[in-house]
Amino acid sequence: MAVGAGAVLVLVVLPLLSLVWGSLTSEGRLTLDHFREALGRRLYLQALWNSLVLGVWTAVLSIALGLPMAWAVGRTDVPAKRFVHVTAVVAYITPPYLTAIAFVNLFGPNAGLINRFVRETLGLPALTFNVFSMAGLVLVTVLHTFPFVYLLAASALESVDASMEESAQVLGAGRWRTAVLITAPLVAPAILSGALIAFVNAIALFGSQAIIGLPGRVYTLPTRIYALFDHPPQYGLASAMSLIFVLITVAALALQRRWLARRSYVTLGGKGSRQELVSLGPARWGVFAFCAAVFVLAVLAPYVTLFAVSLSKSWGLQFWQNLTFANYRFILFEYDVTRRAIWNSLLLASAAATTAVLLGSLIGWIDLRTTLRGRKLLDYASLIPLGLPGIVVAVALIQFWLRLPLPIYGTLVIILLAYTGRYIPLGVRAASAAFRQIDPSLEETARVTGAGWLRTFGAITLPLARPGLFAGWLLVFVPALQELSASILLFSSESITLAVAVYNLYETGYLEAVSALAIVTMVIITLAILVATRLGRGAAGLDRASVAH
Amino acid sequence: MASISLESVTKRYGAVTAVKDFTLEIADREFVTLLGPSGCGKTTLLRLIAGFSAPDAGTIRVGARVLSTPAGAVPPERRGMGMVFQNYAVWPHKTVYANVAFGLEIRRISRADARARVTRILESVNLAGLEDRYPNQLSGGQQQRVALARSLVVEPSILLLDEPLSNLDAKLRERMRWELKELQRRTGITFVYVTHDQSEAMALSDRIAVIHQGALQQHGRPREVYAQPANRTVADFMGLVNLVPGRVARASGDTSLVAVGGHRTLRVALPPSCREGQAVQIAIRPENVQLVAPVDGTEGDGVPAKVVEVTFLGNLTDCHVALDDGTRVRVQADAGASLEPGQRVRVRFDSQLCTIFHD
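Bear in mind the structure is a predicted one, so any value in this text is a computation, not a measurement.

Looking only at helices and strands, one finds 8 helices and 21 strands in chain B. Summarising its shape, the C-alpha atoms of chain B cover approximately 80 × 45 × 35 Å along the three principal directions. Evaluated residue by residue, chain B yields a buried proportion of 39% over its 359 residues. Of all intrachain contacts in chain B linking residues separated by at least 6 positions in sequence, the fraction that spans at least 24 positions is 64%.

We now examine the packing of helix 18 (residues 412–436) of chain A against helix 20 (residues 453–481) of chain A. Residue and element names in this part refer to chain A. Across the interface, helix 18 lies against helix 20 with an axial gap of 8 Å and an inter-helix angle of 160°. In terms of axis orientation, helix 18 runs roughly antiparallel to helix 20. Once helix 18 is placed against helix 20, the crossing between them reads as right-handed. Touching Tyr419, Tyr423, Leu426, Gly427, Ala430, Ala431, Ala433, Ala434 and Phe435 of helix 18 are Ala465, Gly468, Leu469, Ala471, Gly472, Leu475, Val476, Pro479 and Ala480, all from helix 20. Of the residues belonging to the contact of helix 18 with helix 20, the class tally is 15 nonpolar, 3 polar and no charged.

Our next topic: unusual backbone geometry. Residues and elements named next belong to chain B. Although it is not a glycine, Ser8 adopts a positive phi angle of roughly 50°. Under the C-beta neighbour-count criterion, Ser8 is labelled exposed, with 12 such atoms within 10 Å. Here the phi dihedral of Asp21 falls at roughly 40°; this positive angle occurs in a residue that is not glycine. Position of Asp21 among the secondary structure elements: in strand 2 (residues 16–26).

A separate point is the interface of chain A and chain B. Tallying the contact residues gives 17 residues for chain A and 19 residues for chain B. Residue assignment for the side of chain A that touches chain B shows that the elements contributing at least two residues are helix 8 (162–170) and helix 9 (175–204) of chain A. By residue number, the principal contributor to the side of chain A that touches chain B is helix 8 of chain A, which donates 7 residues. Across the side of chain A that touches chain B, the residue classes tally to 9 nonpolar, 5 polar and 3 charged.

All names here are of chain B. On the basis of which strands lie adjacent, the open sheet formed by 5 strands has the order 2-1-4-5-6 and antiparallel pairing. Sheet topology places strand 2 and strand 6 (72–73) at the edges, where each strand pairs with a single neighbour. Bridge count for strand 1 (residues 4–13) against strand 2 is 7 bridges, and the pairing is antiparallel. Each residue of the ladder has a partner; that of Arg12, found in strand 2, is Thr17.

Let's shift gears to the pairing of strand 19 (residues 328–333) of chain B. Residues and elements named next belong to chain B. Here strand 19 shows one buried face, formed by Val329, Val331 and Ala333, and one open face, formed by Arg328, Arg330 and Gln332. Taken together, the 6 bridges between strand 18 (residues 317–323) and strand 19 define a ladder with antiparallel strand orientation. Along strand 19, the bridge assignment pairs Ala322 with Arg328. Taken together, strand 18 and the strand that follows it, strand 19, pair antiparallel across an intervening segment of 4 residues, in which Gly326 is found at a positive phi of about 95°.

For the rest of this paragraph, the subject is helix 1 (residues 42–50) of chain B. Given 3.6 residues to a turn, an α-helix orients residues that are three or four positions apart in the same direction. Residue and element names in this part refer to chain B. The buried count for helix 1 comes to 8 of 9 residues, which makes it a mostly enclosed element. Restricting attention to buried positions, one finds in helix 1 the residues Lys42, Thr44, Leu45, Leu46, Arg47, Leu48, Ile49 and Ala50. Where helix 1 ends, the next residue or the one after it, Gly51, has phi of about 95°, a positive value.

Residue and element names in this part refer to chain B. Strand order in the open sheet formed by 5 strands is 16-20-17-18-19, with antiparallel pairing between adjacent strands. Looking along the sheet, the strands with just one partner apiece sit at the ends: strand 16 (289–292) and strand 19. Between one strand axis and the next, the sheet turns by 45° as a mean value, whatever way the strands run. Where strand 17 (residues 303–312) and strand 18 come together, 7 bridges link them in antiparallel fashion. Paired with Thr311 across the bridge in strand 18 is Asp318.

Before going further, it helps to examine the confidence of the model for chain A. All names here are of chain A. Looking at chain A, the pLDDT average stands at 87 and 95% of residues meet or exceed 70. In the predicted structure, residues 267–271 sits below a pLDDT of 50 and forms 6 contacts with residues beyond four places in sequence or in another chain. For the stretch residues 539–549, pLDDT sits under 50, and the model shows 10 contacts to residues farther than four places along the chain or on other chains.

Averaged over every residue, the pLDDT of chain B is 89; residues scoring 70 or more account for 97%. In the predicted complex, the global pTM is 0.81; the interface-specific ipTM is 0.81.

Residues and elements named next belong to chain A. Packing of helix 3 (residues 42–75) against helix 4 (residues 81–93) leaves a shortest axis separation of 10 Å and a crossing angle of 145°. In terms of crossing hand, the pair formed by helix 3 and helix 4 is left-handed. Between helix 3, through Met69, Ala72 and Val73, and helix 4, the contact on the second element is made entirely by Lys81, Val84, His85 and Ala88. The residue makeup of the contact of helix 3 with helix 4, split by class, is 5 nonpolar, 1 polar and 1 charged.

Reading guide: rules and limits
- Residues numbered from 1 in each chain as written.
- Chains lettered and ligands numbered in written order.
- Predicted model: local features only at pLDDT ≥ 70, side-chain atom pairs only at ≥ 80, totals over all residues.
- Helix = DSSP H or I, 4+ residues; strand = E, 2+ residues; numbered from the N terminus.
- Buried ≥ 20, exposed ≤ 12 C-beta atoms within 10 Å, placed from the backbone.
- Contact = placed C-beta atoms within 7 Å.
- Axes fitted to C-alpha atoms, helices over the stretch in contact; angles between N-to-C directions.
- Parallel < 35°, antiparallel > 145°, perpendicular 65-115°, else oblique.
- Left-handed = near helix turned anticlockwise from the far one by under 90°.
- Nonpolar A, V, L, I, M, F, W, Y, C, P; charged D, E, K, R; others polar.
- Pairing = 2+ DSSP bridges.
- pLDDT = per-residue confidence, 0-100.

Encoded structure:
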């Protein structure tokens, strides 16, 4: 209990408190000046407004992309369902700053390949699209966030029992009326909840907002907060803006919680029975084309573009005439940042995932299996970071640790604290879910047989929970490997991470090299996921076998 | 006329034949139960009648109207039937009132009219006063009544019920049985009822159709199906039954003799196809076996046996005896019978209540 509480205190509660303190004080005096400035100056209000516009559009368009795909996969005879599903998963895993860089290469106002093709080859300058705009930012963001709606809507559609709809049909309602009067209200909470998660995620993404927003003068909360750390850093104002940011996020998440809690009919029942799929006839090819278009935009275009740019001497309409590996040579052997960044990111992601899952197990176990006082509070506190955008976590940690004599600022340690703090809710949730599956009598049997608490936890609880805990580990590892929003404020040249290396190189304008580094990043992420799942699947298989015996 | 006729209906799912060449006539106002173990095809049949799928062969008619053929099926929404599902399928986002009124809205019944009809039907299923509740505020039994009311309010001529009582606790199930039976009598709706519970089937039905592996095994009134099962599957499914091995000693119709438990013979009615010396099985229910003390019987009266196990069940005594050749026979004796394991007894089979099966 003491360990769990201490960890949550240091990782989450104290930094957050010092954020609040920092926003309310100036040179030791209590003041509201920072909030007055944040909410009074056009500069900052514009950023707030832009963040909201970005979030709302992203949420709406996430439904527009995610819902038809979920419906197609769950309810119709659309071909290649596996492909549609994989599209959503890959789109989710792809770091949005890589998509942003790819789209800059395609739709940059001057040098963007497609823009040049439209303007120079087709001679239709009116049809060019400037990615450095709110529209461009929304486009890039939604390609990363639509999977939230897709996944939630798909599982909701799957868990609506067919008899709900069949009852309506028997009573005389045709397919269309059944869909509108019965199915839609039943899955609406899940869809809206997915859209709200998309909203929260969208406004927190620093990378895409910096890469696309800054050149287009579309400033948002994360980029404004980031800018406050330039010149003489303005900690107070940054803290105040961070808190306003948190308020928006928390409001959205609270709304989502309430929705789900009060109006969710489908998450409880599990998988419903279903026999007949909607036969679309020739229309299924139209639906398939829609899904394929999403694949092209969200997966094919970014990867092919980055790959092509990384192989070209200079990016342009005739890039394929002189291909080269020079960019890779530069990135891998001459640019000494790369290896350090790869090593740092792998180290940080593994350490953060392990710490988050261990702490999560402890907190989850305390909540589920003990009657210690304050366990609910601990569980709640560990979920706070869900409402904290990455950059806010960074600001809070800076505020907190700069007050202490420990010199961890600029080291890997502070980044590890940031990652662990950010992702601890994932660890807690995975662990709680895993422990909930284990009947307490299995542990009690071990205790009665004479095993102590620690022995029981190690020999019974942990092995049984391992598949679930491993899933949680991966859930932390993957985003930590590509983390940018918090790292960007915390890194030093020694503790640079992969994503920061990509962003810094991008800032120098060396697009060919940055694309090579982006491809290298994706290869590393893919390899790491493959290795981790291979290892984890072995363990999970073993566990299942031993449970069966 | 809401009679239903199923003619040689076959339904396949991939390599599995769920329903095989199934023929059954259900009369108007009849209460027919499709009875069988899970996976026997009874629910598939019900869904074929409802129109959720079309048969691969055969025809389904209601009255004179052809509803389903392999070429196509009238969709469920245009069949005007009612259906009650095992999980009730009460819509959780609608109140009790809105659930029940749904079918009337679809039929464009005027608001006032609908209100009157919903009120009436809710009263008849004892749900008056709960109109504004949501399903999660109702007990399982109440949800079941909502599902019933929702189906009945549109006054269907046929009601399909898919194991509607199986999620209720034993006491409530008992009461709902009675209510369902009463309801069917009052409304005159044709009921097609699916269950795997033979006692439920017997309590409710005018006729039972026993189904096994997609094929109709026997259909008839509950008493017939219970007392004169057509084959071992039906006998086994309709309750406890002893299958005692024997050999035909004399084959001559109603006065044939069958040897059981060594050399004792039993006078029974044999099916005409049996020959002397053939191995047969005698099916007899435990309540139709009598135990008598060995002293008051003469030689030949009953088969000698030894008591193996005695279990007192309150209203009766459940007893296992072993014949001399080792065959175990289960007997339901009086609650007051004084029986001890090891005791010698004689077993008397009532030949009127025996059914003979042979391979």
